[in-house]
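Given next are the chains, with one letter for each unit.
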Amino acid sequence: MTEQELNRAVQYVTASTSYARETVAEILRTGLGELSAMATQSARQFDRDTLLEYVSQWTIKRTGQPEPLVREVLGCAGRWLDEVYDQIAKRQPDLSGESANDDEGAAPV
C-alpha cells in the first residue's frame, strides 16, 4: 500500500466518522502496517476473519485506543484492509484456502 493510498483511506475514514485525523491515521498505519508485515514475514496461513481479528487486537494493544473506536475505524477502512489481504493472498495462495491450480478450493486453515 502506497502512502497516497494510505492517505486516501485516512481521509475517507475521517470523513465517515467523528474521530480526529491523527487518531484515524495512527490506527490505520498501525493496523495496515502489521497486516503488511505479516504478509512478508509470516509463514503461517490465516483465513481472512482470523487475520483481521488479530490485526484488530494488535492495533488495540499497540495504540492504546478503545476497542470500539479501533473496530469502527478498521471497519470503515474495510475496503483497504481487503486490498492488503488480497495482495497477501496472491503472494501466498494457500492463505485463502485455495491452491493456484485448485478452482474448488480447500477448507481454510
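Per chain, residue numbering runs from 1 following the sequence as it is written. Residues qualify for local features only when their pLDDT is at least 70, as the model is predicted, and side-chain atom pairs are given and counted only at 80 or more; totals for whole chains, interfaces and linings, by contrast, use all residues. As a rule here, side-chain values cover all heavy atoms of the structure and leave hydrogens and water aside.

This part is about the packing of aromatic side chains. Aromatic ring pairs are defined here through the distance separating the ring centres and the angle between the ring planes. Ring geometry is summarised as follows: Phe, Tyr and Trp rings, the Trp one being its six-membered ring, pair when their centres sit within 6.5 Å, and such pairs are stacked at plane angles under 30 degrees, edge-to-face over 60 and tilted between the two. Counted by the stated rule, this structure contains 1 aromatic pair. Geometrically, the ring pair formed by Tyr-12 and Trp-80 is tilted, given 5.4 Å between the ring centres and 50° between the ring planes. Here Tyr-12 is found in helix H1 (residues 3-16), whereas its partner Trp-80 is found in helix H5 (residues 78-91), with 68 residues between them in sequence. For Tyr-12, a relative accessible area of 41% gives the class partly exposed. Put simply, a charge is over a ring when the Lys NZ or the Arg CZ is close to the ring centre, within 6 Å, and near the line of the ring normal, within 35 degrees. Over the aromatic face of Trp-80 sits the side chain of Arg-79, whose NZ or CZ is 4.2 Å from the ring centroid. Under the DSSP-based scheme used, a helix requires at least four consecutive residues in state H or I and a strand at least two consecutive residues in state E, with every element numbered from the N terminus. Classification of residues uses two cut-offs on accessible area relative to the type maximum, computed with a 1.4 Å probe and protein chains only: under 20% is buried, over 50% is exposed, and between them is partly exposed.

As a further point, take the confidence of the model for the chain. Each residue carries a pLDDT score, the predictor's confidence in it, ranging from 0 to 100. Averaged over every residue, the pLDDT of the chain is 81; residues scoring 70 or more account for 78%. Mean pLDDT per element in the chain: H5 is the minimum at 78, and helix H4 (residues 67-76) is the maximum at 94. Note that pLDDT drops below 50 for residues 98-109; the model gives that stretch 12 contacts with residues more than four away or on any other chain. Note on contacts: a residue pair qualifies if any of its non-hydrogen atoms lie within 4.5 Å across the two residues.

The next thing to look at is the pattern of salt bridges. One speaks of a salt bridge when a side-chain nitrogen belonging to Lys or Arg is within 4 Å of a carboxyl oxygen belonging to Asp or Glu. Here the structure, examined in full by the defined rule, presents 3 salt bridges. In this structure, Arg-71 and Glu-53 form a salt bridge, with 2.7 Å as the shortest nitrogen-oxygen distance. Residue Arg-71 is found in helix H4, and its partner Glu-53 is found in helix H3 (residues 48-63); the two are separated by 18 residues along the sequence. According to the relative accessible area criterion, Arg-71 is partly exposed, its value standing at 30%. A single salt-bridge network, built from bridges that share partners, covers Glu-53, Glu-67 and Arg-71.

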